[in-house]
Amino acid sequence: MRIVRTKRAVQKEPLLSPFGFKGAYLTELWQSIAYVEGADGASGIGVGVQSVLWSDARVFERFGEAAGNAHMADLTRFALAQAEQSDFATPIELLDRLLPDVYDYGVRSIGLADLRSTFALNALVAVDYAAWALYSRGRGLNFSELVPPAYREALSARQERLGSIPLIPYGMSEEAIVQVLDDGYFLLKIKVGADPEQDGDPNKMLDWDCRRLTQIHALASRYETSHTVNGKIAYYLDANGRYDGKERLLRLLDHADKIGALDRIVLFEEPFPEEVKQDVTDVPVRLAADESVHDTHDALERIELGYGALALKPVAKTMSMSLKVAKLARDKGVPCFCADLTANPVLVDWNKNLAARLDPIPGLKVGVLETNGHQNYRNWERMKSWHPRAGADWIEADSGIFRLNDSFYETAGGALETGEPYESLLAEEDKGNES
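In short, a report on the structure. (Residues numbered from 1 in each chain as written. Predicted model: local features only at pLDDT ≥ 70, side-chain atom pairs only at ≥ 80, totals over all residues. Heavy atoms only, no water.)

The next subject is the packing of helix α3 (residues 91–110) against helix α4 (residues 117–136). Put simply, α3 and α4 touch, their axes get as near as 9 Å, and they point 145° apart. The interaxial crossing formed by α3 with α4 has right-handed handedness. Only Ser117, Phe119, Ala120, Leu121, Leu124, Val127, Asp128, Ala131, Trp132 and Tyr135 of α4 make contact with α3, whose side of the interface consists of Pro91, Ile92, Leu94, Leu95, Leu98, Leu99, Val102, Tyr103 and Ile110. Broken down by class, the residue content of the contact of α3 with α4 amounts to 17 nonpolar, one polar and one charged. (Axes fitted to C-alpha atoms, helices over the stretch in contact; angles between N-to-C directions. Helix = DSSP H or I, 4+ residues; strand = E, 2+ residues; numbered from the N terminus. Left-handed = near helix turned anticlockwise from the far one by under 90°. Contact = heavy atoms within 4.5 Å. Nonpolar A, V, L, I, M, F, W, Y, C, P; charged D, E, K, R; others polar.)

This is the structure:
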């Protein structure tokens, strides 16, 4: 296949309230839209969500929210320009060609010699997504059949139910947490690593985390579920690299044990900064690697350190890279799950295509998919109306569960179809460029 023409647009989506993690806060998330056209006239549209704070917090700190987003959007522009006149057999091959050049451009344009690869991958999500949409033209929409044979064994499951993982951020009230539990959600993603006084004191952070876990555990202990092996509400802690080493982490887990919460922690994601490469085989919960895994080399390194799960993020690191990591993890016997980046509704179903084909995490009876856009976007209902299959019964979670039917699998959840609102945004951008 050859790409002969590209376009792009950006939609800025405000959040309901400041969204806190990694010790900082976001107020809006930029949605990127990419268009690629093949030599035969076929086309594909892909969408992405930018998170500068997640992908490289230093860019956020140095430039601020708006300028940081502008830098990432510029990388997407550069990637599409590089894609024009590119030949590729599969989207995975196209990503392999684009990523080194896009990363090098980011290093030069941003001025960080050690820019995190996830920044470039985040910028490439919409481009990779559009390439998959173009690749599907004439091949049908069944995602399993689009995946190259070498990667299919890693996607051998076919889940009829996926648990939706809601986010419990730093400032979420007890009333809101109770509402999440009342709504049937059974695996809570709890943000830890808060800096309550913004002074960088790790002991204050640990104290805050212990109190927060105690508070949430007291609420969740009132509920039971049929979706976990032990019948209890499960916890998925995410520190986003805020713990400075294993000693402090073990103190948090010792506290969890004392309050009766340790056996509920099925995942603990990214406890340490990326550069901390400690053996964690003695940690009494399953540690998961997320933003420290840029590629298969990083994934293998984390597995050898004792990490027992890998977060796959087609919505943050491209579907193509996620398939590569999923294959490695399957070869090494390490479970995977799909995590979120506050994805929009179409991206949720793009993520869902991978999540639906993964085996459940040990301790759970069903597969899971993190999605928190409905908790955070101001215009979520309007964004849902932009879904190419708006109204389909697999789009909404029912009592914390996405129910996937034959229609979902036959159509890839609508994720590879062109949506008129996104076409309109691209057309408006074209008019603006002409004027």
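What follows continues from the structure just given.
Although it is not a glycine, glutamate 270 adopts a positive phi angle of roughly 40°. On the secondary structure map, glutamate 270 appears in the loop between β8 (265–269) and β9 (287–289). Residue class for glutamate 270 comes out buried when judged on its relative accessible area of 2%. Positive phi, close to 55°, is recorded for serine 399, a residue that is not glycine. Here serine 399 is to be found in the loop between α14 (380–385) and β13 (401–403). Residue class for serine 399 comes out partly exposed when judged on its relative accessible area of 45%. (Buried < 20%, exposed > 50% of the residue type's maximum accessible area, 1.4 Å probe, protein only.)

Before going further, it helps to examine helix α8 (residues 246–258). Under the 1.5 Å per step criterion, the end-to-end length of α8 is 18 Å for 13 residues, consistent within 8% with the ideal 18 Å. Within α8, the full set of buried residues consists of Lys246, Arg248, Leu249, Leu252, Leu253, His255 and Ala256. Turning to α8, the residues buried within the fold contact α7 (202–220), β7 (234–238), β8 and β9. Just past α8, the residue glycine 260 takes up positive phi, approximately 85°. (Expected span 1.5 Å × (residues − 1).)

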